[in-house]
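Below are the chains, spelled out letter by letter.
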Amino acid sequence: MQSKSDLELLEGCLRKDSKAQAALYHQYKGRFFGICRRYAQSKEDAEDIFQDAFVKIFLNLKELRSSEQLSAWIRRVVVNVCIDYYHKRVNFVDISEVPETMPTDWQGESVISQMSNQELLSAVNELPDGARMVFNLYVIDGYSHQEIAEMLHISEGTSKSQLFFAKKVLKKKLQTIGVISD
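Residues numbered from 1 in each chain as written. Predicted model: local features only at pLDDT ≥ 70, side-chain atom pairs only at ≥ 80, totals over all residues. Heavy atoms only, no water.

Enquirer: If you had to explain the overall build of the protein chain to someone new, which residues and values would you point to?
Expert: For the protein chain, the helix and strand inventory stands at nine helices and zero strands. Counting helices and strands in the order they occur from the N terminus, the protein chain gives α-α-α-α-α-α-α-α-α. Accessible surface computed for the protein chain: about 10,400 Å², of which carbon and sulfur atoms make up 48%. (Helix = DSSP H or I, 4+ residues; strand = E, 2+ residues; numbered from the N terminus. Areas by Shrake-Rupley, 256 points an atom, 1.4 Å probe, with all protein chains shown as cover.)

Enquirer: Quick rundown of the side chain of Arg38? Include the residues and the values.
Expert: Residue position: Arg38 is located in helix 2 (residues 18-39). What makes Arg38 buried here is its relative accessible area of 15%. In this structure, Arg38 is in contact with Leu121, Val124, Asn125, Arg132, Asn136, Ile140 and Asp141, ignoring residues within four places of it in sequence. (Buried < 20%, exposed > 50% of the residue type's maximum accessible area, 1.4 Å probe, protein only. Contact = heavy atoms within 4.5 Å.)

Enquirer: Hey, could you go over helix 8 (residues 145-152) for me, with residue numbers and the actual values?
Expert: Listed as buried for helix 8 are His145, Ile148, Ala149, Met151 and Leu152. Seen along its axis, helix 8 keeps its buried residues to an arc of 165°; they face one direction. Contact partners of the buried residues in helix 8: helix 4 (70-87), helix 7 (129-140) and helix 9 (156-176). Once helix 8 ends, the next one or two residues include His153, with phi positive near 60°. (Arc of directions from axis to C-beta.)

Enquirer: Please provide a residue-by-residue account of unusual backbone geometry, values included.
Expert: The phi dihedral of Lys16 is positive, around 65°, even though this residue is not glycine. What makes Lys16 exposed here is its relative accessible area of 61%. Although it is not a glycine, His153 sits at a positive phi angle of roughly 60°. Topologically, His153 is positioned in the loop between helix 8 and helix 9. Taking relative accessible area as the criterion, His153 reaches 65% and is therefore assigned exposed.

Enquirer: Lay out the environment of Gln146 in plain terms, naming residues and giving numbers.
Expert: On the secondary structure map, Gln146 appears in helix 8. The sequence separation of Gln146 and Gly157 amounts to eleven residues, and the corresponding C-alpha distance is 9.3 Å.

Enquirer: Describe the packing of helix 3 (residues 43-60) against helix 4, listing the residues and the values that go with them.
Expert: With their axes 9 Å apart at the nearest point, helix 3 and helix 4 run at an angle of 125° to one another. The angle between helix 3 and helix 4 places the two elements in the oblique class. As helix 3 runs across helix 4, the sense of the crossing is right-handed. Within the contact between the two elements, helix 3 uses Asp45, Ile49, Asp52, Ala53, Phe54, Lys56, Ile57 and Asn60 and helix 4 uses Trp73, Ile74, Val77, Val78, Val81, Cys82, Asp84, Tyr85 and Tyr86. Residues that form the contact of helix 3 with helix 4 fall into these classes: twelve nonpolar, one polar and four charged. (Axes fitted to C-alpha atoms, helices over the stretch in contact; angles between N-to-C directions. Parallel < 35°, antiparallel > 145°, perpendicular 65-115°, else oblique. Left-handed = near helix turned anticlockwise from the far one by under 90°. Nonpolar A, V, L, I, M, F, W, Y, C, P; charged D, E, K, R; others polar.)

Enquirer: A description of the nonpolar core should follow, citing residues and the corresponding values.
Expert: Among soluble globular proteins, nonpolar side chains are generally buried collectively. Judged by nonpolar contacts, the single largest core of 52 residues is most densely connected at Leu24, Leu61, Ile74, Val78, Phe135 and Leu137. If you list the elements that add at least two residues to this core, you get helix 1 (6-14), helix 2, helix 3, helix 4, helix 6 (117-125), helix 7, helix 8 and helix 9. When neighbours within four sequence positions are excluded, Ile74 is seen to be in contact with Leu24, Tyr28, Phe32, Phe54 and Ile57. (Core = buried A, V, L, I, M, F, W, Y, C linked by side-chain atoms within 4.5 Å.)

Enquirer: Give me the lowdown on the packing of aromatic side chains, citing residues and values where you can.
Expert: Tallied over the full model, the rule gives six aromatic pairs. Between the aromatic rings of Tyr25 and Phe50, the centroid separation amounts to 5.3 Å while the plane-to-plane angle is 65°, which identifies the pairing as edge-to-face. One end of the pair, Tyr25, is in helix 2; the other, Phe50, is in helix 3, with 25 residues separating them in the sequence. Relative to Phe32, the ring of Tyr28 lies with its centre 5.8 Å away and its plane at 20°, an arrangement referred to as stacked. Of this pair, Tyr28 and Phe32 both sit in helix 2, four residues apart, which is roughly one turn of the helix. According to the relative accessible area criterion, Phe32 is buried, its value standing at 3%. Three or more aromatic residues joined by ring pairs form one cluster here, namely Tyr25, Phe33, Phe50, Phe54 and Phe58. (Phe/Tyr/Trp six-rings, centres within 6.5 Å; stacked < 30°, edge-to-face > 60°.)

Spelled out as structure tokens, the structure:
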């Protein structure tokens, strides 16, 4: 079975064609469900978030200007729904002092690149909600602390402290399971 082009899918979805909607959903599920898994505490939560995201996608497809932007637009909607979902549930760890610099022995990006997706998902899912959100947005999705602060309605300092806390917890976890050495 040959997959339809983004243009064909978009046009079909705009006509409310249920087959085109199902095809769009299945074509992008593999790529974007992983984003929901990173932000959610459980697979069930991730499924709920993903469903909510696709409801929002189908309701707002008319806002999309061209089929070339479809994948990036869907990704943005999925991340925003993840953020909205956790606005209702997130608890930020209370850290009174924000360090000016991150520890020099943390080389997070190189450590992350050596981990399997399952190892990373497992370690990140054990973080408290706020730390997990900031870690995902900063390290995985590439947002700045200023952007994260605006999205989550927190200060830049809180974003930085949550990232510091997440890295500290992850480093300890990764040392425990032997991914990195002391």
